[in-house]
Amino acid sequence: MRLGRLLVVVWVWGVAWVQAGCSGCGDPPVTYGLPGSPAETCADGLSNGDETDVDCGGSCQPCGSRGDTCQEDADCPVGVCTDGVCVEPSCTDGVKNGTETGVDCGGSSCPACSVGETCGGDADCESPYLCLEGVCSRCTESAQCSAGYECREGGCVEDDFAPQVRMAFLPGSTVLRVRFSEPMRQDDSAAGILNPDNYCVELTDETPHACTPSDAFWLGSVLTAVDPSTVDIQLPFAPGGGRYTVHVSGVVDRAGNAVGSPRHADFEMGGPLRLMSASTLGPNRVLVTFSRPVLPGPDAAGSAGCTSSATCASRYRLSGATTLGAVLSAEVRPAPRDNEVLLTHAVFQGGGQYTVLAVNGVDGDGLESVWGERLGASPLDRATFTGFGPLVSSLRDGPVLVDPFADGVASTSVVAYRGRMYLGPNANGTRAVGMDQDGVRPDDLAFRFRKDTQKLAGSRSSNSASAPFPSIGFAGCQGNTYQCGPDNEDGRALFASGTFGGTEWLMMGGTRSGGGLDYVYMSRDDDVTLDMKYVDLGQALDGTSARSFSALGFLGGRAYLGVPISGGTRRPELLALLRAPSEEAEGLEARGNGARGGVCKPSVHDVCNLAAHRMPGIGAAGSPANPASTVGIDFVGEFNGKLYLGNNGGLVRATVQQPLDCESSPSHWVSITPSAPEYRARQSVTTEKVMDLEPSDRAWSRMAVFKGHVYLGRNTSVGPQLWRCDPDLVSGPAPASAQDCDAGDWVLVAANGQGDVQLSQFDNPGNTRLTLLAVNGGHLYVGFDNAVDGVVVYRSAVDVPASRSDFTGLGGNGFGQPAVHTRFGDAASVGSGDHGFLYVPVSGGPGTPVRLYRQRGSTTPSQAAPPRRSWR
């Protein structure tokens, strides 16, 4: 046999092993390290070289056994390196290991994961959140929840909420599409959305809560579910042009809840292409819905599709609470959802709200439907959606909205209406945004203003264009066109809400910069098109000098309207609207007690002039008289069923719950101007402005009632004061009482500890105006304008706060952007307790778009109701 030498080289864990021996001679092979390699081996039974334990770690295979020594986590394939020793995985080691889906959470052994952690299923996430796109997330729509559960405040909770009709439109000439707020019962049973008997269509009229079927619009018997929340109704023929309303009744959601208000939606036959809605489908995806099928393209002229950021930039723009980066692509969905486009963008969404803008057809280009209709101009070319990230719950979380209408508007009105928050109008007076109190489910709202053509009482609308009008007007609008309001209103509007006869109404007061203000507008609508009825105030208001409203408020089945007046003796004006328009009418020709005054007779009159110019301290003809050349009503408020109001001249309250005019019934009004020396030592601010008023322009910026006490923010020529009324300090003689506020009941709160001790600046001289005063969730909120440090907010849960130490700061100076956030707009509170929110508009003045912030009323975890899990 021929003998030979055998040489084998093998690489193991980065080390070359050489085995040499004699083939066929019987002597055993010998193993050597290659010349120049470490003499130590990974199989010598020793811990040497760069090994961290016997024959493992370093250049050798990982150790991985409990108790093995280590230098870093990489030395332990299972577990972590702690104090130089591998230990088993745990739910507190700060590393994603073992069966965990996130860091120290998820899997079979660890607690559920919080929002933002990775997950493999809903069970890995804290209740009531879901595993979406592999990340624990809040729900964004009810379709993500299982049957019997509804998406609320970002979590799936037991569904005891009434579904609503969200919108209706015609994606085809013979197809009516109706979309609900949540998944519905999808069958043709008596309560199913596929039963044609549950729908009625009529020409839009003044009774949106009743339906008289239109002969021009016939519903077919073929209904098809587009998705769990949407149904298509086939029409036997194309309807005639015009505006219609679809009414829905009898249907229920998956939990059996009957459809609630709004049960109807308006839609149009014809007209331009419209962007109907937008909603998030993931951290960087947005689904956009148009009113018609759009050209798919992609990248062709007029197409809604695009495949590159350069092309998409010419079609779409995203703005909002945070920067979302470029739109990377837009994909038109296949029929029957070819009116929907899926946008993908570069930067992940936060939990605030965003606006999608699509290029319109004003310049002859813009997106196009398959039938050649171009996308309409603002506001038809944009829609709002809530982002995929964690909900914004505090001032420190950042804004809910930035430039909410993508038009640069620097000031806007915020009001709570029917359990939702309304923000608006936009820069050209055509649009508002409505949202649930937690900031989700935003709706883009349009207006339809009626016009007074009769002059049965007072006035007649002056705009020569035909009704309805889409705008309340804006500064610089062209008169006698649809740019201005029905009475050629041409300035900023003010919102208010309240109840007449058990029905909640939304009120909107506009501006006439040249004088001649005669109208206010009201709606009881709650769908996406707010039909605004006019109220003619001409028989109670001399509109010659009236330009805008400085205060609107509701109390005891009435609405009170304050009007600033410059010059003359009848300054200011205060009206009491005693009745709302009837449901069937386009408006109210309000009978009044005379524009120059007269006895208010509630049995005869619909509106009364309350002769505020005669009120002590308040009016130019009062005793004492208010000497200011321009006088308005800064606020109207309520305590113990009585009306309170004030201006630079002092404070007045009603002595009865239904006060009449001060001229014929002076005993119905009493001065309650503080008698405290700190009040007399400082002079209230005055203003020459009669429109576009901000909280900082008012001597009394706000009134709030907190735990049985009235609080008022006063602005003086040298700084702000915070006042509290302790009603029982003065109990007589009449009309003073222990239940109401009187002149001797006022106490200065949180006086400075340094500097001017007769001011309430919380020891910051930069706090020049007290402009935020509100109550929500068991807290009293106080906020200041500050041009140096930015706006600041404080709050107190103390029953009777008295000093600066009773308040804690929120949000930091300027909410982290002191140069941008220097002044507050009028804030609004909605809901209560842990489910209540305070909404705060902030800006830096003209040229700085408004930003909307939100603070949950209660942030103590123990106060929150335990979440309820929804398993899909």
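Everything numeric here is computed off the predicted structure, so don't read it as measured data.

### Quick word on the overall build of the chain
A tally of helices and strands in the chain yields 2 helices and 55 strands. Once the C-alpha set of the chain is aligned to its principal axes, its extents read approximately 135 × 75 × 50 Å. Contacts in the chain between residues far apart in sequence, at least 24 positions, make up 53% of those at least 6 positions apart. In the structure as shown, the chain presents an accessible area of about 32700 Å², 52% of it carried by carbon and sulfur atoms. Treating the 65 positive side-chain charges of the chain as one cloud and the 96 negative ones as another, the clouds have centres 8 Å apart.

### Section: the side chain of Glu 589
Topologically, Glu 589 is positioned in strand β37 (residues 587–589). Although Glu 589 is buried, it forms no salt bridge, and the closest oppositely charged side chain is Arg 460 at an N-O distance of 8.2 Å. Reaching out from Glu 589, the side chain makes a polar contact with the side chain of Tyr 534 at a distance of 2.9 Å. Apart from residues lying up to four places away in sequence, Glu 589 is in contact with Asp 452, Gln 454, Lys 455, Leu 456, Ala 457, Ser 459, Tyr 534, Asp 536 and Asp 606.

### Remarks on the state of the cysteines
Enumeration over the complete set of coordinates arrives at 13 disulfides. Shown here is the disulfide that connects Cys 119 with Cys 131, its sulfur atoms set 2.1 Å apart. Between Cys 119 and Cys 131 the disulfide shows an S-S torsion of about 95 degrees. By sign, it is right-handed. You can see Cys 119 sitting in the loop between β5 (85–87) and β6 (130–132) and its partner Cys 131 sitting in strand β6, a full 12 residues away along the chain. Disulfide pairing places Cys 200 opposite Cys 211 at an S-S distance of 2.0 Å. Here the S-S torsion is close to -80 degrees, and the disulfide linking Cys 200 with Cys 211 is therefore left-handed. Within this pair, whereas Cys 200 is found in strand β12 (residues 199–203), its partner Cys 211 is found in the loop between β12 and β13 (223–227), the two being separated by 11 residues in sequence. Residue Cys 200 is classed as buried on the basis of its relative accessible area of 16%. A relative accessible area of 26% means that Cys 211 is categorised as partly exposed. Between Cys 662, a cysteine without a disulfide, and Cys 600, which holds the nearest cysteine sulfur, the sulfur-to-sulfur distance is 12 Å.

### What about the sheet that holds strand β49 (residues 779–785)?
Overall, antiparallel pairing links the 4 strands, which are arranged β48-β49-β50-β51 in an open sheet. With one partner strand each, in any of the chains shown, β48 (769–776) and β51 (808–810) form the two edges of the open sheet. Sheet twist, expressed as the average angle between the axes of neighbouring strands with direction ignored, equals 30 degrees. In this sheet, strand β50 (residues 792–796) lies alongside β49 in antiparallel orientation, the contact comprising 5 bridges. Within β50, the position partnered with Val 782 by the bridge is Tyr 794.

### Regarding unusual backbone geometry
The amide bond that connects Ser 261 to the next residue, Pro 262, takes the cis arrangement and shows omega of 0 degrees. Relative to the helices and strands, Pro 262 resides in the loop between β15 (242–248) and β16 (264–269). Omega for the peptide link from Ser 623 to Pro 624 comes to 5 degrees, which places this bond in the cis form. Even without glycine at this site, Asn 480 takes up a positive phi of about 60 degrees. Structurally, Asn 480 is set in the loop between β28 (443–449) and β29 (494–500). For Asn 480, a relative accessible area of 39% corresponds to the partly exposed category. You will see that Ala 611, though not glycine, has its phi angle at about 55 degrees, which is positive. Looking at where Ala 611 falls in the secondary structure, it is placed in the loop between β38 (607–609) and β39 (630–631). Note on Ala 611: relative accessible area 1%, which makes it buried.

### A closer look at the environment of Val 652
You can see Val 652 is positioned in strand β42 (residues 650–654). Looking at Val 652, the relative accessible area reads 0%, which means it is buried. Discounting chain neighbours no more than four positions away, the residues touching Val 652 are Met 615, Pro 616, Ile 618, Leu 643, Tyr 644, Leu 645, Trp 669, Val 670, Ser 671 and Ile 672.

### Brief notes about the pairing of β28
Of all the 7 residues making up β28, 7 are buried; the element is thus mostly covered by neighbouring parts of the structure. Alternating residues of β28 divide into Asp 443, Leu 445, Phe 447 and Phe 449 and Asp 444, Ala 446 and Arg 448, and every residue in both groups is buried. The sheet contact formed by strand β27 (residues 431–436) and β28 spans 4 bridges and is antiparallel. Across the sheet, residue Arg 431 finds its bridge partner in β28, namely Ala 446. Where β28 meets strand β32 (residues 529–536), 4 bridges bridge the pair, whose relative direction is parallel. Of the residues in β32, the one forming a bridge with Ala 446 is Thr 529.

### Thoughts on the packing of aromatic side chains
Inspection of the entire model under this criterion finds 19 aromatic pairs. On the basis of an interplanar angle of 50 degrees and a centroid distance of 6.2 Å, the ring pair of Phe 815 and Phe 824 is categorised as tilted. Here Phe 815 matches Phe 824 in class, with each residue buried. The rings of Phe 447, Phe 449, Tyr 519, Tyr 521 and Tyr 534 are connected pair by pair, giving a single aromatic cluster.

Criteria and cut-off values
- Counting restarts for each chain: residues are numbered from 1 in the order of the written sequence.
- Restriction of local features to residues with pLDDT of at least 70 applies here, the model being predicted, together with a cutoff of 80 or more for giving and counting side-chain atom pairs; totals for whole chains, interfaces and linings are based on all residues.
- Excluded from the side-chain calculations are hydrogens and water; all other atoms, namely the structure's heavy atoms, are used.
- Starting at the N terminus, helices and strands are each numbered in turn, a helix being any DSSP run of H or I of at least four residues and a strand any DSSP run of E of at least two.
- We call two residues in contact whenever any of their non-hydrogen atoms come within 4.5 Å of each other.
- Methods summary: accessible areas were calculated by the Shrake-Rupley approach with a probe of 1.4 Å, and residue burial reflects only the protein chains presented.
- The charge count includes Lys and Arg as positive and Asp and Glu as negative, but it does not include His or the ends of the chains.
- The atom standing in for a charge is NZ when the residue is Lys, CZ when it is Arg, CG when it is Asp and CD when it is Glu.
- Exposure classes here rest on a 1.4 Å probe applied to the protein chains alone. A residue is buried below 20% of its type maximum, exposed above 50%, and partly exposed in between.
- The rule for a salt bridge is simple: a side-chain nitrogen of Lys or Arg has to be within 4 Å of a carboxyl oxygen of Asp or Glu.
- Between N or O atoms, a polar contact is any pair within 3.5 Å; within protein, one atom must be a potential hydrogen donor and the other a potential acceptor, and residues adjacent in sequence are included only when both atoms are from side chains.
- Note on terminology: pairs of cysteine sulfur atoms within 2.5 Å are recorded as disulfides.
- Only strands joined by at least two bridges in the DSSP assignment are considered to pair.
- All axes are obtained by fitting lines to C-alpha atoms, using only the stretch in contact for helices, and the reported angles, taken between N-to-C directions, cover 0 to 180 degrees.
- Aromatic rings from Phe, Tyr and Trp, taking only the six-membered ring of Trp, are treated as a pair when their centres fall within 6.5 Å; an angle between ring planes under 30 degrees marks them as stacked, one over 60 as edge-to-face, and anything in between as tilted.

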